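The lines below spell out each chain.
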Amino acid sequence: MTAQYLKNLQVPAGKVDVVIDSDTFNEIDEQFAIAYLLASSDRLCLKALYAAPFFNSHSTSPKDGMEKSHAEMLRLLALTGRQEFVPVTYKGSETYLPAEDTPVYSQAAQNLAERAMSYSAQNPLYIV
């Protein structure tokens, strides 16, 4: 198992599949990360974008933060001319986890669980 952990820390040799889980509307760094990923299609293959909830002065609730992040993702895809990724842009949970052992359903969580099942330690899905 230790060998696999060490392998996972190495920079991948070829093109890798990536999903981004992001509170895109919250801070500017996520827009740069998504733009970088879109511009790096020679090394990174975007499989999905997941809008994460957040709650601060930019939102009225975790749901509002997630909705704003989802809209911001769609806006970024339109600005970059990459609308082909709109169908793989998913809304995250509308609330935070109420307890450590209590899941909260979302389109994003469902898609990630289903997607991850087709990957392996030898062919991982990278979650950013």
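Refer to the preceding data block for the structure.
Everything quoted here is computed from the prediction, not taken from an experiment.

(A) Structural context of the packing of aromatic side chains. Using the criterion set out here, one finds one aromatic pair in the structure. Geometrically, the ring pair formed by Tyr50 and Tyr90 is tilted, given 5.9 Å between the ring centres and 40° between the ring planes. Highlighted residues: Tyr50 in strand 2 (residues 44-51) and Tyr90 in strand 3 (residues 89-91), separated in sequence by 40 residues. With respect to burial, Tyr50 and Tyr90 carry one shared label: buried.

(B) Quick look at the pairing of strand 2. Sheet analysis places strand 1 (residues 16-22) next to strand 2, joined by seven bridges and oriented parallel. Within the sheet, the bridge partner assigned to Ser22 lies in strand 2 and is Ala51. Between strand 1 and its parallel partner strand 2, the chain crosses via helix 2 (residues 29-39), and the hand of that crossover is right-handed. With helix 3 (residues 62-79) bridging strand 2 and its parallel neighbour strand 3, the resulting β-α-β unit is right-handed.

(C) Expanded view of the nonpolar core. Formed by 14 residues in total, the largest nonpolar core has its most connected members in Ile34, Leu38, Leu46 and Leu49. Where this core is concerned, the elements lending two or more residues are strand 1, helix 2, strand 2 and helix 3. Here this core takes four residues from helix 3, the largest share from any one element. With sequence-adjacent residues up to four places away left out, Leu46 is seen in contact with Val18, Leu37, Leu38 and Phe85. With seven residues, the next largest nonpolar core counts Ala48, Tyr50, Tyr90 and Tyr119 among its residues.

Conventions we followed
- Residues numbered from 1 in each chain as written.
- Predicted model: local features only at pLDDT ≥ 70, side-chain atom pairs only at ≥ 80, totals over all residues.
- Heavy atoms only, no water.
- Phe/Tyr/Trp six-rings, centres within 6.5 Å; stacked < 30°, edge-to-face > 60°.
- Helix = DSSP H or I, 4+ residues; strand = E, 2+ residues; numbered from the N terminus.
- Buried < 20%, exposed > 50% of the residue type's maximum accessible area, 1.4 Å probe, protein only.
- Pairing = 2+ DSSP bridges.
- Right-handed = clockwise from strand over helix to strand, strands pointing away.
- Core = buried A, V, L, I, M, F, W, Y, C linked by side-chain atoms within 4.5 Å.
- Contact = heavy atoms within 4.5 Å.

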